[in-house]
Amino acid sequence: MTKSPVLILGARSDIGLAVAHAYAAQGHPVQLAARNAGSLETQKTDLELRHSVPVTLHEFDALELEDHERFADALPELPGIAVSAIGFMGEQGESENSPAAAAQVLRSNFEGPASILAVLASRFEQRGSGTLVGISSVAGDRGRATNYVYGSAKAGFTAFLSGLRNRLARKGVHVVTVLPGFVATQMTEGMDLPEKLTAQPEEVARAITDATAKQKSVVYVRPVWRLIMLIIRNIPEGVFKKMSI
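Criteria and cut-off values
- The residue numbers shown here count from 1 along each chain, following its written sequence.
- Local features in this predicted model are restricted to residues whose pLDDT is 70 or higher, and side-chain atom pairs enter the listing and the counts only when it is 80 or higher, whereas totals over whole chains, interfaces and linings include all residues.
- Hydrogens are left out, water is left out, and the side-chain values use all remaining heavy atoms of the structure.
- Helix and strand labels come from DSSP, where a helix needs a run of H or I of at least four residues and a strand needs a run of E of at least two; each type is numbered from the N terminus.
- As a reference, a globule follows 2.2 Å times the number of residues to the power 0.38, and the radius of gyration itself is taken over C-alpha atoms.
- It only takes one pair of heavy atoms within 4.5 Å for two residues to be counted as in contact.
- Per-residue accessibility takes into account occlusion by the displayed protein chains alone, with areas from the Shrake-Rupley method and a 1.4 Å probe.
- In short, DSSP must find at least two bridges between two strands for them to pair.
- Fitted lines through C-alpha atoms serve as axes, helices being fitted only where they are in contact, and the angles separating the N-to-C directions of these axes extend from 0 to 180 degrees.
- Each angle is binned into one of four classes, with values under 35 degrees roughly parallel, values over 145 roughly antiparallel, values of 65 to 115 roughly perpendicular, and all other values oblique.
- Each crossing is labelled by how the near helix is turned from the far one, with a counterclockwise turn of less than a right angle marking it left-handed and a clockwise turn marking it right-handed.
- To qualify as a nonpolar core, a set must consist of buried Ala, Val, Leu, Ile, Met, Phe, Trp, Tyr and Cys residues joined through side-chain atoms within 4.5 Å.
- A simple rule labels every residue: compare its accessible area, found with a 1.4 Å probe on the protein chains alone, to the largest value its type can have, and call it buried under 20%, exposed over 50%, or partly exposed in between.
- Each aromatic pair joins two rings of Phe, Tyr and Trp (for Trp, the six-membered one) with centres within 6.5 Å, and gets the label stacked for planes under 30 degrees apart, edge-to-face for over 60, and tilted for any other angle.
- Here, a charge over a ring means that NZ of Lys or CZ of Arg falls within 6 Å of the ring centre while also lying within 35 degrees of the ring normal.
- In this scheme, patches are assembled from residues that exceed 30% relative accessible area and form no salt bridge. Like charges are connected within 9 Å, while nonpolar side chains (Val, Leu, Ile, Met, Phe, Trp, Tyr) are connected within 5 Å.
- One side-chain nitrogen of Lys or Arg within 4 Å of one carboxyl oxygen of Asp or Glu is enough to make a salt bridge.

- The protein chain has the name SDR family oxidoreductase in an unreviewed UniProt entry, where Leisingera caerulea is given as its organism.

Describing the overall build of the protein chain
Then, number 1: A tally of helices and strands in the protein chain yields 9 helices and 9 strands.
Then, number 2: A globule of 245 residues ought to have a C-alpha radius of gyration of about 18 Å, and the protein chain, at 18 Å, matches this closely.
Then, number 3: Across its three principal directions, the C-alpha atoms of the protein chain cover 55 × 40 × 35 Å.
Then, number 4: For the protein chain, the proportion of contacts with a sequence separation of at least 24, taken over those separated by at least 6, is 70%.
Then, number 5: Summed over all atoms, the accessible surface of the protein chain reaches about 11,900 Å², with 54% contributed by carbon and sulfur.

Considering the sheet that holds strand S5 (residues 130-135)
Then, number 1: Strand order in the open sheet formed by 7 strands is S3-S2-S1-S4-S5-S6-S9, with parallel pairing between adjacent strands. Each of the sheet's edge strands pairs with one partner strand only, and the pair in question is strand S3 (55-59) and strand S9 (218-220). On average, each strand axis in the sheet is tilted by 15 degrees relative to the strand beside it, whichever way the strands run.
Then, number 2: Inspection of the sheet shows strand S4 (residues 81-84) paired to S5 by 4 bridges, in the parallel sense. By the bridge assignment for S5, Ser84 is matched with Gly134.
Then, number 3: The strands touched by helix H1 (residues 14-25) within the sheet are strand S1 (6-9), strand S2 (30-34), S4 and S5, with S1 carrying the most contacts at an inclination of about 170 degrees.

Quick notes on the packing of H1 against helix H7 (residues 201-214)
Then, number 1: In contact at an axis separation of 8 Å, H1 and H7 are set at 50 degrees when each is read in the N-to-C sense. In terms of orientation, H1 lies oblique with respect to H7. Judged by the sense of rotation from one axis to the other, the crossing of H1 with H7 is right-handed. Within the contact between the two elements, H1 uses Asp14, Ile15, Ala18, Val19, Ala22 and Tyr23 and H7 uses Pro201, Glu202, Val204, Ala205, Ile208, Thr209 and Thr212.

Here's the deal with the nonpolar core
Then, number 1: With 33 residues, the main nonpolar core has Ile8, Val19, Leu32, Val83, Val178, Val204 and Ile208 as its most contacted residues.
Then, number 2: If you list the elements that add at least two residues to this core, you get S1, H1, S2, S4, S5, strand S6 (173-179) and H7.
Then, number 3: Among the elements that make up this core, the one with the highest residue count is H1 (7 residues).
Then, number 4: When neighbours within four sequence positions are excluded, Ile8 is seen to be in contact with Gly16, Val19, Ala20, Val30, Gln31, Leu32, Ala33 and Val83.
Then, number 5: Within the second largest apolar cluster, 23 residues are counted, among which are Leu9, Ala62, Ile116 and Leu117.

Describing the environment of Leu117
Then, number 1: Among the secondary structure elements, Leu117 is positioned in helix H5 (residues 99-127).
Then, number 2: Here Leu117 falls in the buried class, since its relative accessible area comes to 0%.
Then, number 3: It is 8.3 Å that separates the C-alpha atoms of Leu117 and Gly134, two residues lying 17 residues apart in sequence.
Then, number 4: Ignoring sequence-local partners within four residues, the contact set of Leu117 consists of Leu9, Ser84, Leu132, Val133, Gly134, Phe157, Phe160, Leu161 and Leu164.

Some points on the packing of aromatic side chains
Then, number 1: If you walk through the whole model with that rule in mind, you get 3 aromatic pairs.
Then, number 2: With a centroid separation of 6.4 Å and an interplanar angle of 10 degrees, the aromatic rings of Phe157 and Phe160 are classed as stacked. Taken together, the residues span about one helical turn, with Phe157 and Phe160 both in helix H6 (residues 148-168) at a distance of 3 residues.
Then, number 3: Here Phe182 and Trp225 contribute two aromatic rings whose centre-to-centre distance is 5.1 Å and whose plane-to-plane angle is 85 degrees, an arrangement assigned as edge-to-face. On the criterion of sequence distance, the pair formed by Phe182 in strand S7 (residues 182-183) and Trp225 in helix H8 (residues 224-233) is long-range, its members being 43 residues apart.
Then, number 4: Against the face of Phe124 rests Arg127, its NZ or CZ located 4.7 Å from the ring centre.
Then, number 5: The ring centre of Phe240 lies 3.7 Å from the NZ or CZ of Arg142, which sits over that ring.

Topic: a nonpolar patch on the surface
Then, number 1: Together, Leu227, Leu230 and Ile231 make up an exposed nonpolar region whose accessible area comes to about 280 Å².
Then, number 2: By secondary structure assignment, the location of Ile231 is in helix H8.

Remarks on the pattern of salt bridges
Then, number 1: In this structure the tally under the stated criterion is 13 salt bridges.
Then, number 2: Here Arg233 makes a salt bridge to Asp141, at a shortest N to O gap of 3.1 Å. Within this pair, whereas Arg233 is found in helix H8, its partner Asp141 is found in the loop between S5 and H6, the two being separated by 92 residues in sequence.
Then, number 3: We note a salt bridge from Arg222 to Glu203, for which the minimum N-O separation is 2.9 Å. Taken together, the residues Arg222 in the loop between S9 and H8 and Glu203 in helix H7 connect sequence positions 19 residues apart.
Then, number 4: What makes Glu203 buried here is its relative accessible area of 18%.
Then, number 5: Among the charged side chains, a network of salt bridges with common partners joins Glu69, Asp73 and Arg123.

What follows is the structure, encoded as structure tokens:
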């Protein structure tokens, strides 16, 4: 049985490439979408040789909103699954002092991913099938002084995915929200991350393929994060204001 293509948005990222390998290993053709997509030729060849599936490269910039319709229309085939691995953490201190820096974080984590998933959602809805996966963050569960610009963008994206899931639930289209917690990637390189709370990109990829297969809606990659964020969300505001977490 021929499997439908999987589109990876933000395919240059460690998580994006891990997700591509996970689906390719299951026999899915893969569409890699990223800025400067031509530089992914080595990764394309690796996927094709290792998994014996066709792989195509597609130029894509999440922040070029006016190009998202054209991008979707230019795909060789509408994917069965689309995964948004788009993201940019930025620096909290810089975001606090530079509106431009803050805007880049907000646009990269909310506006851009929401825009392209909205475009794909309409096409999936018209077809009556498909799965949309958005990688958000536990940082969006409650604003914290250490990363509230990034966290607020992820909070918006999480809410967007929830609404999209509600809208498409009776249209044959499933929407998955993935909340990884800490992940050992280039984006977090140099950070002192607790080992027991830090996932590898391949672990995130497995969680995503499992979620799409089982039609899960909200996935904490490491279940302990569900408990951690439940506690953080329920700390009284008077106490929370005095904390540095």
